Amino acid sequence: VQLQASGGGLVQAGGSLGPSCVASRSASRSNTWAWYRQAPGNQRELVAGITYMGSTKYADSVKGRFTISRDNAKNTVYLQMNSLKPEDTAVYYCNAERSGWGTPKYGWGQGTQVTVSS
């Protein structure tokens, strides 16, 4: 399975970005999908997740600011990020969940850089 994230960029604090991630056709459309991020010197962390039926989960640090959504027909997952903060700066990746939150299923694909300036 190939994962391709795009839509990051450079934005000022308080701004918005809406990256997306497309999975190759071999990925199961019933997957639970998640966004992760990794800042320099930090471990990769779970940001948000969404089940096939649309139930969502968010890290405390992004609750109320980020919204995850998916298009099952397109095997695409989205992350709407509002009220961005400098601490949101990281490379953002998507992955399916193997069993439970924080258990990535596939190899990591290309992430997308998000940089928030103060």
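Residues numbered from 1 in each chain as written. Predicted model: local features only at pLDDT ≥ 70, side-chain atom pairs only at ≥ 80, totals over all residues. Heavy atoms only, no water.

Asks: Before we move on, can you summarise the sheet that holds strand β10 (residues 112-117) with the specific residues and values?
Replies: Strands sit in the order β2-β10-β9-β4-β5-β6 across an open sheet of six strands; the sheet is mixed. The open sheet is flanked by β2 (9-12) and β6 (56-58), the only strands paired with a single partner. Averaged over all adjacent pairs, the angle separating strand axes in this sheet is 25 degrees, with direction ignored. Bridge analysis of strand β5 (residues 45-50) against β6 gives three bridges, and the strand direction is antiparallel. Directly across from I50, in β6, lies its bridge partner T56. (Pairing = 2+ DSSP bridges. Helix = DSSP H or I, 4+ residues; strand = E, 2+ residues; numbered from the N terminus. Axes fitted to C-alpha atoms, helices over the stretch in contact; angles between N-to-C directions.)

Asks: Go over the state of the cysteines with me, naming the residues and quoting the values.
Replies: Taken as a whole, this structure holds one disulfide when the rule is applied. A sulfur-sulfur distance of 1.7 Å marks the disulfide that ties C21 to C94. Placement of C21 in strand β3 (residues 20-23) and of C94 in strand β9 (residues 90-96) is noted, with a sequence separation of 73 residues between them. Side by side, C21 and C94 carry an identical accessibility label, which is buried. (Disulfide = S-S within 2.5 Å. Buried < 20%, exposed > 50% of the residue type's maximum accessible area, 1.4 Å probe, protein only.)

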